[in-house]
Amino acid sequence: MPGYHGRVIVPRLEWLLPEPFPEPPSFAGFGRPVATLLARRGFRDDAQLGAFLLAGVGSLHDVSLMADADVALDRIERAIEAGERIAIWGDYDADGMTAVVVWVLALRALGIEPVRHVPSRLAEGYGLSLSGLERLAAAGVKLLITCDCGVTNAVEVEHARGLGVEVIVTDHHLPAGDLPRAVAVVDPHRPDCDYPDPDLTGAGLAFKLASALLARRGRAAADLAGVAAIGTIADMAPMTGESRAIVRLGLEELATTSRPGLRALLARSSEVPGQPTARDLAFGVAPRINSAGRIADAELAMSLLLEDDPAEAERIAEALEAVHVERRALTTRTIEEAVALAATMPGDGPLALRGDAWPPGVLGLVANRLVESLGRPVAVAALVEDELRGSVRAPSDFHVALALEACAALLLKRGGHPAAGGFSVSADGWEAFAAAFSVLPRPFPSDPGRVPERATALTIDLVLPAIHLGWPLAEEIARLAPFGAGHVEPLLAVTGLQVVEARRVGAGLDHLSLRMRRGPEVFDAIAFGTPAERPLPEPGTLLDLVGTLERDLFQGLPRLRIRVSDYADAAGSPLVARRREAGTAAFTVAEPTPLEPTPA
C-alpha cells in the first residue's frame, strides 16, 4: 500500500526499471549514462545518431512520392494561372488551423489571397459540411483545398462537384471505405500510397505541399516550418522522421521570426520567447490556439498567426489570452465532473463517458487528462442539438482510429489517427456505442505479446547515482530534443539524495517543493500534483527520486531541477535491489559534477 510502512515512504507508482546495459557503444559528445540511453533506444553508431539529431531539410522526402501530390500541385497551378478563386478548409484544432495558415502564407507569396474557412465546432462539426460548401460556391470559389480533414467526406465532396467546386483533399487521418471522388486525395494513409513516412500531421502535410508549390515557381515564404511545427507538436506526431525535421526547422524559424503575430503569441506562451522549445509549443502555444477553436472562433487564432501589424497583433493576442483563461476554467470544472463519473466505472478497459451539459470544445482535453490519470482509453461525449459529439484519447497500446472503425456502424461520423479521434453518434445510439467501445480489448488491435500501458507505472529510462546530476548531463539530454511520441523525454531514477526541506506549495497546496542535498551541493526538485495523503519526507531522509532533469530560469538565472514523478525512501525504494546488484562502487564517483552552469 503506498504511503508509510512504519516510517518508510514507499513509491506511489510502480517503477519499471530498465534491464542493465553493461557495455553501451560510445557516442561522440555523450557520456556513459546518455550512451546507455541511446543504445536502449536502438542507436548503433554516430552516423545513425547524427542523422536523427540533426534532422532537417535533408531529412525531408520528395513529396512527389506521395499518391496524388503532383496531381494536386498541377491543379493548384492551373487555378493560379486562370485566376480562379481558391479556398482553404481546415479543422478547428491547432493542427488544422496551422495547416490553413501555412497555405495562406504560401499562396500570399504567389500573390493569391485565398478564402479561409474553419467550421464552427457547434454549428457544423468536424470535416466538410454541405452548408459550408454552398456558402463557398456562392462566393465564387472554384477550387477547395482541405486541411486535416476530408478523406471521409465522400458525400460532401460529391456535393461540391455538383456546385461546380473542385476539391483537393489533404488529410492524415485513416480513410474509411472508398476515397472521395476529388481531383486529388493526398493522404499518406491511402492504401495505395507508398510514401516513406506516413506520420505527417495535417500541418506537416500542408508544409510539404505548400513548400513544393513555391519551389515549382521559384519562390519561398517565411515561417512555413514555424507554423507547421506548432500543429505537428499539437497533434502529438512522433518526434522521429519528417515530423522531427519539421519541428527542428520550425523552432529555428520561430526563434528569429519577425512576424508580429507569432512574436506576440510567443511572448505570452514561451519561457524564453527568443528560444522557444517543443515544450513551449506543446504546453504554451498550442493550447492557446486550440482555445479559439474550442470555445470561440478559430479565426481569432488564425488572424493572430497571420497578423503583420504589431499593435493589432497585441490586441488579438490579448483577446486570445482571455479566451485561453476561460477555456482553462471550463476544462477544470468538466474534468472534475468526468473524474467523478469515471470513478463509478472501475477497471482498465475502454471507458465511455457522457455529460450532456459539458462544453463540447473541451472534451478532447478532458479525455486526455483521464488517460493520463487512469491509463485507459477514454471516449467523452456531450449533446449538441440532436446528436452526441465526442473525442477519444488512449494510451499507445490502443489505436483510436481503428477502434472507431470497429464501431463505425453505430456512428454518424468518425475520424482519427492512432492517438486521438473524434466521432458523432445519435442521441438514442449512445448506449449501443458505449457498450461496443467498452468491450474492445487491450491492446487494440489484439497483440498477445504486448502488455497494456498502466497509469500506475513509470517506465524508467536510466538509473543514476546522484553524482551524475549536473549541467553536463542536462545539456547532453537537451541535445536529444525535441521530445514527443516515439522519442520521449528521458525518465531518470536517481539515488543518493538527502532531503534538506520539503513543503507543499501552490494555491491548493497540491505541489511538493523539495530542496535536495548531494554532498555539499543543494538543488531543487518539484513534484506537481502530489496527493494530499502522500507523506512529506523529513529533513535528513535519504530519498530516491524518479523524474526528468530540466533546465529553466529562476529570477533570471539558469537553474537545474528535477521534475519529480514519484519518490521513496532509499530504504524502501525499488532501487535497493539494483544498488545491491550493481555494487556500491557503481553508485559512487570520486569527483562531483557541478550543479552550477558550465562557463560559456
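Residues numbered from 1 in each chain as written. Predicted model: local features only at pLDDT ≥ 70, side-chain atom pairs only at ≥ 80, totals over all residues. Heavy atoms only, no water.

Caption draft 1: How the structure looks around the packing of helix H8 (residues 224–234) against helix H11 (residues 278–295). Where H8 contacts H11, the axes come no closer than 9 Å and their chain directions differ by 90°. As the angle between them shows, H8 and H11 are arranged roughly perpendicular. Touching Ala229, Ile230, Ile233 and Ala234 of H8 are Ala278, Leu281, Ala282, Val285, Ala286 and Ile289, all from H11. Its residues placed into classes, the contact of H8 with H11 shows ten nonpolar, no polar and no charged. (Axes fitted to C-alpha atoms, helices over the stretch in contact; angles between N-to-C directions. Helix = DSSP H or I, 4+ residues; strand = E, 2+ residues; numbered from the N terminus. Parallel < 35°, antiparallel > 145°, perpendicular 65-115°, else oblique. Contact = heavy atoms within 4.5 Å. Nonpolar A, V, L, I, M, F, W, Y, C, P; charged D, E, K, R; others polar.)

Caption draft 2: Region of interest: the sheet that holds strand E13 (residues 420–426). With mixed pairing, five strands are arranged side by side in an open sheet as E9-E10-E11-E13-E12. The sheet is open, and its two borders are formed by strand E9 (351–354) and strand E12 (413–416), each paired with just one other strand. In this sheet, adjacent strand axes meet at a mean angle of 15° when their direction is disregarded. Note that strand E10 (residues 378–384) and strand E11 (residues 387–393) share seven bridges and pair antiparallel. Each bridged residue has a counterpart across the sheet, and for Val380 the counterpart in E11 is Ser391. (Pairing = 2+ DSSP bridges.)

Caption draft 3: Quick look at the packing of helix H3 (residues 69–82) against helix H7 (residues 202–216). Two elements in contact, H3 and H7, have axes separated by 10 Å at closest approach and are oriented at 55°. Overall, the two elements H3 and H7 adopt an arrangement that is oblique. Relative to H7, the crossing made by H3 is right-handed. When H3 is examined against H7, the residues Ala69, Asp70, Leu73, Asp74, Ile76, Glu77 and Ile80 are found in contact with a partner set consisting of Leu209, Ala212, Leu213 and Arg216. A per-class count over the contact of H3 with H7 returns seven nonpolar, no polar and four charged. (Left-handed = near helix turned anticlockwise from the far one by under 90°.)

Caption draft 4: Highlighting the environment of Gly284. Secondary-structure assignment places Gly284 in helix H11. Along the chain, Gly284 and Leu266 lie 18 residues apart, while their C-alpha atoms are 8.3 Å from each other. Setting aside residues no more than four positions away along its own chain, Gly284 makes contact with Ser269 and Arg279.

Caption draft 5: Geometry of unusual backbone geometry. Geometrically, the link from Phe444 to Pro445 is a cis peptide bond, its omega value of -5° lying close to zero. Relative to the helices and strands, Pro445 resides in the loop between helix H16 (430–438) and strand E14 (457–459). Following Ala481, the chain continues into Pro482 via a peptide bond in cis, with omega recorded as 5°. By the secondary structure assignment, Pro482 is in the loop between helix H17 (471–478) and strand E16 (492–505). A positive phi angle, near 65°, is found at Asp148, a position not held by glycine. Along the chain, Asp148 turns up in the loop between strand E6 (141–146) and helix H6 (154–162). Given the relative accessible area of 1%, Asp148 is considered buried. Not every positive phi belongs to a glycine, and Met236 is a case in point at roughly 60°. Mapped onto the fold, Met236 is located in the loop between H8 and helix H9 (241–256). Owing to a relative accessible area of 38%, Met236 belongs among the partly exposed residues under this scheme. (Buried < 20%, exposed > 50% of the residue type's maximum accessible area, 1.4 Å probe, protein only.)

Caption draft 6: The arrangement of the confidence of the model for the chain in detail. Taken over all residues, the pLDDT of the chain has a mean of 91, while the share at 70 or more is 96%. In the predicted structure, residues 584–600 sits below a pLDDT of 50 and forms 42 contacts with residues beyond four places in sequence or in another chain. (pLDDT = per-residue confidence, 0-100.)

Caption draft 7: Quick peek at the pairing of E12. As paired elements, E12 and E13 share four bridges and run antiparallel to each other. By the bridge assignment, Lys413 is partnered in E13 with Ser424. Here E12 hands over to E13 after three residues, the two strands then running antiparallel side by side.

Caption draft 8: Summary view of the state of the cysteines. Inspection of the entire model under this criterion finds zero disulfides. With no disulfide partner, Cys147 has as its closest neighbouring cysteine sulfur the one in Cys149, 7.2 Å distant. Unpaired in terms of disulfides, Cys193 finds its nearest cysteine sulfur in Cys147, a separation of 17 Å. By relative accessible area, which is 10% here, Cys193 ends up buried. (Disulfide = S-S within 2.5 Å.)

Caption draft 9: Up close: the sheet that holds strand E7 (residues 166–170). The strand order across the open sheet formed by five strands is E5-E4-E6-E7-E8, and the pairing between neighbours is parallel. The open sheet has two edge strands, strand E5 (115–117) and strand E8 (184–186), and neither has a second partner. With direction set aside, neighbouring strand axes in the sheet form an average angle of 20°. Direction of pairing for strand E4 (residues 85–89) relative to E6: parallel, over a ladder of five bridges. Within E6, the residue paired with Ile86 across the bridge is Leu143.

Caption draft 10: Representation of helix H14 (residues 363–374). Taking 1.5 Å of rise per residue, twelve residues should cover 16 Å, and H14 covers 16 Å from first to last C-alpha, within 8% of that figure. Along H14, the residues that are buried comprise Leu363, Gly364, Val366, Ala367, Leu370 and Val371. Considered in projection along H14, the buried side chains sweep an arc of 160° and stay on one side of the axis. Buried residues along H14 sit against H11, helix H13 (310–342), E9, E10 and E11. (Expected span 1.5 Å × (residues − 1). Arc of directions from axis to C-beta.)

Caption draft 11: Spotlight on the packing of aromatic side chains. Here the structure, examined in full by the defined rule, presents six aromatic pairs. Centre to centre, the rings of Trp430 and Phe433 are 5.7 Å apart; their planes meet at 50°, and the pair counts as tilted. With Trp430 and Phe433 both in helix H16 and three residues apart, the pair spans about one turn of that helix. Through a chain of ring-to-ring contacts, the aromatic side chains of Phe398, Phe423, Trp430, Phe433, Phe437 and Phe444 assemble into a single cluster. The side chain of Arg244 reaches across the aromatic face of Phe52, ending 3.9 Å from its centre. (Phe/Tyr/Trp six-rings, centres within 6.5 Å; stacked < 30°, edge-to-face > 60°. Lys NZ or Arg CZ within 6 Å of the ring centre and 35° of its normal.)

Caption draft 12: Examining the pattern of salt bridges more closely. What the rule picks out here adds up to 33 salt bridges. Between Arg41 and Asp461 there is a salt bridge whose closest N-O contact spans 3.3 Å. Residue Arg41 is located in the loop between helix H1 (32–40) and helix H2 (46–53), and its partner Asp461 is located in the loop between E14 and strand E15 (462–465); the two are separated by 420 residues in the primary sequence. Ionic pairing is found between Glu77 and Arg217, a salt bridge with its closest N-O pair at 3.1 Å. Of this pair, Glu77 sits in helix H3 while Arg217 sits in the loop between H7 and H8, and the two are 140 residues apart along the sequence. Taking relative accessible area as the criterion, Glu77 reaches 14% and is therefore assigned buried. Overall, the relative accessible area of 30% leaves Arg217 in the partly exposed class. (Salt bridge = Lys/Arg side-chain N within 4 Å of Asp/Glu carboxyl O.)

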